[in-house]
Amino acid sequence: HWLDAEAADDIAKDPKSYPGFDAEMVQDLRTSLNHFVDSVVWSDASDYRQLLLSDEIYLNAPLRRYYGVESLGSTQRGAGGGATNSVDDAFVPVRFNPEQRAGVLTHPFLLSAHSYYRSSSPIHRGVFLTRKVLGRFLKPPPMAIEFMDDRFDPSLTMREKVTQLTEKPQCMACHATINPLGFSLEQFDAAGRFRLEDTRKPVNATSEYQTADGKTLTLRGPRDLARHAAESPDARRGFVRQLFQ
């Protein structure tokens, strides 16, 4: 419920842009997310903040190949306990560079769910982060504007397109909050893979974000965002609200 996981089961990506990202991979990613959440919630040192700050993702062999993880060797401890020699099928915790991965914020299942068919979506990701992670409220938009990728110069990055789309003052009433959060995850493509370029330009994941109490934070990527969410009283209250519901 907190992560809207049920609503994300129909994830699909353009097979030309994302070959190999199919229904079986989506199911594996869902299983991966479940293992990660279980590992935090049911651990002896259960700590809500680790849902945001952990640098581990549970991956099986197909996911490790897709997300560029080296072979783990012949024996690993699989999810659910017990040593296993079937490393192809087993989901094992894989530790990433902490500057690249931060808990559920950068889990490939959720990054994929909050993306378009062919590209990332800072707007969808930003709305999710605002409401579900940071515990802030958004008013319904005064008018819905559909994102039509083919109307933009193809040389523009997704960040440049979203900035153009939402530049009007009536849009920025909410997008001043949404956009910086979404931009902080722009180092991940529509399938949740880490990247440094978008349309052959360096990805810019740095933004100025204004907190609910009026402070301005510089977010340079997912780790800064995760630290803020873990320390924010509003985010903690928001999580309790979600849990209570």
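Residues numbered from 1 in each chain as written. Predicted model: local features only at pLDDT ≥ 70, side-chain atom pairs only at ≥ 80, totals over all residues. Heavy atoms only, no water.

Considerations on the overall build of the protein
The following threshold applies: Numbering of helices and strands starts at the N terminus; helices are DSSP runs of H or I of at least 4 residues and strands are runs of E of at least 2. Whether a residue is buried, partly exposed or exposed follows from its accessible area with a 1.4 Å probe, protein chains only, as a fraction of its type maximum: under 20%, in between, or over 50%, in that order. Here, two residues are considered to be in contact whenever any of their heavy atoms come within 4.5 Å of each other. Methods summary: accessible areas were calculated by the Shrake-Rupley approach with a probe of 1.4 Å, and residue burial reflects only the protein chains presented. The charge count includes Lys and Arg as positive and Asp and Glu as negative, but it does not include His or the ends of the chains. Note that the charge is assigned to NZ on lysines, CZ on arginines, CG on aspartates and CD on glutamates.
Summing up its helical and strand segments, the protein has nine helices and eight strands in all. By its C-alpha atoms, the protein is 55 × 40 × 30 Å across when sized along the principal axes. The buried share among the 245 residues of the protein stands at 49%. Of the contacts made within the protein by residues no fewer than 6 positions apart, 69% connect residues no fewer than 24 positions apart. Carbon and sulfur atoms form 51% of the exposed surface of the protein, whose accessible area is close to 13,100 Å². The averaged location of the 32 negative side-chain charges in the protein is 4 Å from the averaged location of its 30 positive side-chain charges.

Here's the deal with the pattern of salt bridges
This is how it is decided: When a carboxyl oxygen of Asp or Glu is within 4 Å of a side-chain nitrogen of Lys or Arg, the pair counts as a salt bridge.
Applying the stated criterion to the full structure yields 13 salt bridges. A salt bridge links K132 to D4, with the nearest nitrogen and oxygen atoms 3.5 Å apart. Within this pair, whereas K132 is found in helix 5 (residues 122–133), its partner D4 is found in the segment before helix 1 (23–41), the two being separated by 128 residues in sequence. Here E56 and R95 are joined by a salt bridge, their closest N and O atoms 3.4 Å apart. Remark: R95 occurs in strand 4 (residues 92–95) and E56 occurs in strand 1 (residues 56–59); sequence separation between them is 39 residues. We classify R95 as exposed; its relative accessible area is 60%. Shared partners join several salt bridges into a network, and the residues in it are D55, E56 and R95.

Notes on helix 9 (residues 233–244)
Here is the rule: A helix is expected to span 1.5 Å for every residue after the first. What the arc describes is the spread of directions from the helix axis to the C-beta atoms. Counted as a polar contact is a pair of N or O atoms within 3.5 Å, where, for protein atoms, one must be capable of donating a hydrogen and the other of accepting one, and residues adjacent in sequence contribute only when both atoms are in side chains.
Between its first and last C-alpha atoms helix 9 spans 16 Å; for 12 residues at 1.5 Å apiece the expected length is 16 Å, and the two agree. Turning to helix 9, its buried residues are A235, G238, F239 and Q242. Summarising the axial view, the buried residues of helix 9 lie within an arc of 100 degrees, below the 170-degree limit, and thus occupy one face. Residues V240 and F244 are exposed on helix 9 and point more than 90 degrees away from its buried face. As for helix 9, its buried residues are in contact with helix 2 (50–53), helix 5 and helix 8 (222–231). With a side-chain oxygen lying 3.3 Å from the backbone nitrogen of D234, the N-terminal cap of helix 9 falls on S232.

As for the nonpolar core
A general trend in soluble globular proteins is that nonpolar side chains are found buried together. The line we're drawing: In this text, buried Ala, Val, Leu, Ile, Met, Phe, Trp, Tyr and Cys residues form a nonpolar core when linked through side-chain atoms within 4.5 Å.
Grouped together as the largest cluster of nonpolar side chains are 51 residues, with contacts concentrated most on F21, L52, V104, L105, F109 and L129. It is helix 1 that contributes the most residues to this core, six residues altogether. F21 has contacts with I11, K13, V26, L29, Y66, Y67, S112 and A191, leaving out every residue within four places of it along the chain. F147, M158, V162 and F183 belong to the second largest nonpolar core, which has eight residues in total.

Section: the pairing of strand 7 (residues 207–210)
In plain terms, the rule: When DSSP finds two or more bridges between two strands, those strands count as paired.
What you see with strand 7 is a clean split: S207 and Y209 sit on the buried side and E208 and Q210 on the side with no burial. Connecting strand 7 to the antiparallel partner strand 8 (residues 216–219) that follows it, the hairpin turn spans five residues, and G214 within it adopts a positive phi of roughly 90 degrees.

Points about the environment of E197
Relative to the assigned elements, E197 resides in strand 5 (residues 197–198). Sequence-wise, E197 and Q187 are 10 residues apart; in three dimensions their C-alpha atoms are separated by 7.8 Å. Sequence-distant contacts of E197, that is, excluding residues within four places in its chain, are made with P202 and V203.

Side note on unusual backbone geometry
The phi angle at T199 is positive, at roughly 50 degrees, despite the residue not being glycine. The residue T199 is located in the loop between strand 5 and strand 6 (201–202) in this model.

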